[in-house]
Amino acid sequence: MVTVHGLHKRFGPLHVLKDVDLTVAAGEVVVVVGPSGSGKSTLCRCLNRLEVASAGRIEIDGEPLPAEGRQLARLRADVGMVFQSFNLFGHRTILDNITLGPVKVRRIGRAEARKQAMALLDRVGIADKADRYPAQLSGGQQQRAAIARALAMRPKVLLFDEPTSALDPEMVNEVLDVMVSLAAEGMTMIVVTHEMGFARRAADRVVFMDDGRIVETAPPDEFFAAPRTERARDFLSKILQH
């Protein structure tokens, strides 16, 4: 579903991604972990061209990532993204936030879009908040609305860029529970996160990044029990000791 080959990304003199190769199969859940500044979020943002790669090749479902225009808009409809900071439209209700993409991009009728949106809001547990505005919801509820909005486009792949890092601790699990259920249903997901419990529970594969490179990739049981590289061992010892 996703193929990344020889990906580089530079911001001026800063070389953020260095020769990254990654393949994600349809229905696979890949969790990307690593220290801050290792390139995780940049990799995620390159996959739907929110950041333009400096070199390398990205394919989604066998198609090269388009540079711009209508083809790029179509690709973005197929590659949903859930951001750290929710990115909901503050001046629109939750229901309007979710129906906007299907109506404008997928050309779905308004009544059908509303019906699908209500089903998705029910699925993420906030159907009673459909007529509220984002500011009237808790952070966890806003993030669940953002997940429903991404799902409304019926994407082939869902990207999550640290979806729980802006949330209060008690709200984290309500978002992770939705993500675990999506993983169980076979959604192709690439998740950048610091939530190691989610990686253990839901990942098919853990990808460990450091200094712009993929250093190690392994099933979660293997990665957490016996990381192969010194850098991964050091990282895990720091985050799992508390």
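Everything below is about the structure printed above this text.
Residues numbered from 1 in each chain as written. Predicted model: local features only at pLDDT ≥ 70, side-chain atom pairs only at ≥ 80, totals over all residues. Heavy atoms only, no water.

Caption draft 1: Quick peek at the sheet that holds strand β1 (residues 2-11). Taken together, 4 strands build an open sheet; the order of strands is β2-β1-β4-β5 and the sheet is antiparallel. Looking at which strands have only one partner, the edges of the open sheet turn out to be β2 (14-24) and β5 (63-64). Direction of pairing for strand β4 (residues 55-60) relative to β5: antiparallel, over a ladder of 2 bridges. Among the inter-strand pairings, Glu59 is bridged to a residue of β5, identified as Pro64. (Pairing = 2+ DSSP bridges. Helix = DSSP H or I, 4+ residues; strand = E, 2+ residues; numbered from the N terminus.)

Caption draft 2: Spatial organisation of the pairing of strand β7 (residues 157-161). Of all 5 residues in β7, 5 are buried; the element is thus mostly enclosed. Both faces of β7 are covered, namely the face carrying Val157, Leu159 and Asp161 and the face carrying Leu158 and Phe160. Pairing geometry for strand β6 (residues 79-82) and β7, over 4 bridges, is parallel. Pairing of Gly80 across the sheet is with Leu158, part of β7. (Buried < 20%, exposed > 50% of the residue type's maximum accessible area, 1.4 Å probe, protein only.)

Caption draft 3: Representation of the packing of aromatic side chains within the structure. According to the stated counting rule, one finds 3 aromatic pairs in the structure shown. For the ring pair Phe208 and Phe223, a centre distance of 6.1 Å and an interplane angle of 35° mean the geometry is tilted. Of this pair, Phe208 sits in strand β9 (residues 205-210) while Phe223 sits in helix α8 (residues 220-225), and the two are 15 residues apart along the sequence. Across the pair, exposure class does not vary: Phe208 and Phe223 are buried alike. Consider the rings of Phe223 and Phe224, whose centres lie 5.3 Å apart with planes at 80°: the pair is edge-to-face. In this pair, the class of Phe223 matches that of Phe224, namely buried. Clustering of aromatic rings is evident, with ring pairs tying together Phe208, Phe223, Phe224 and Phe235. Sitting over the face of the ring of Phe11, Lys9 holds its NZ or CZ atom 4.7 Å from the ring centroid. Sitting over the ring of Phe224, Arg200 keeps its end group 4.4 Å from the ring centre. (Phe/Tyr/Trp six-rings, centres within 6.5 Å; stacked < 30°, edge-to-face > 60°. Lys NZ or Arg CZ within 6 Å of the ring centre and 35° of its normal.)

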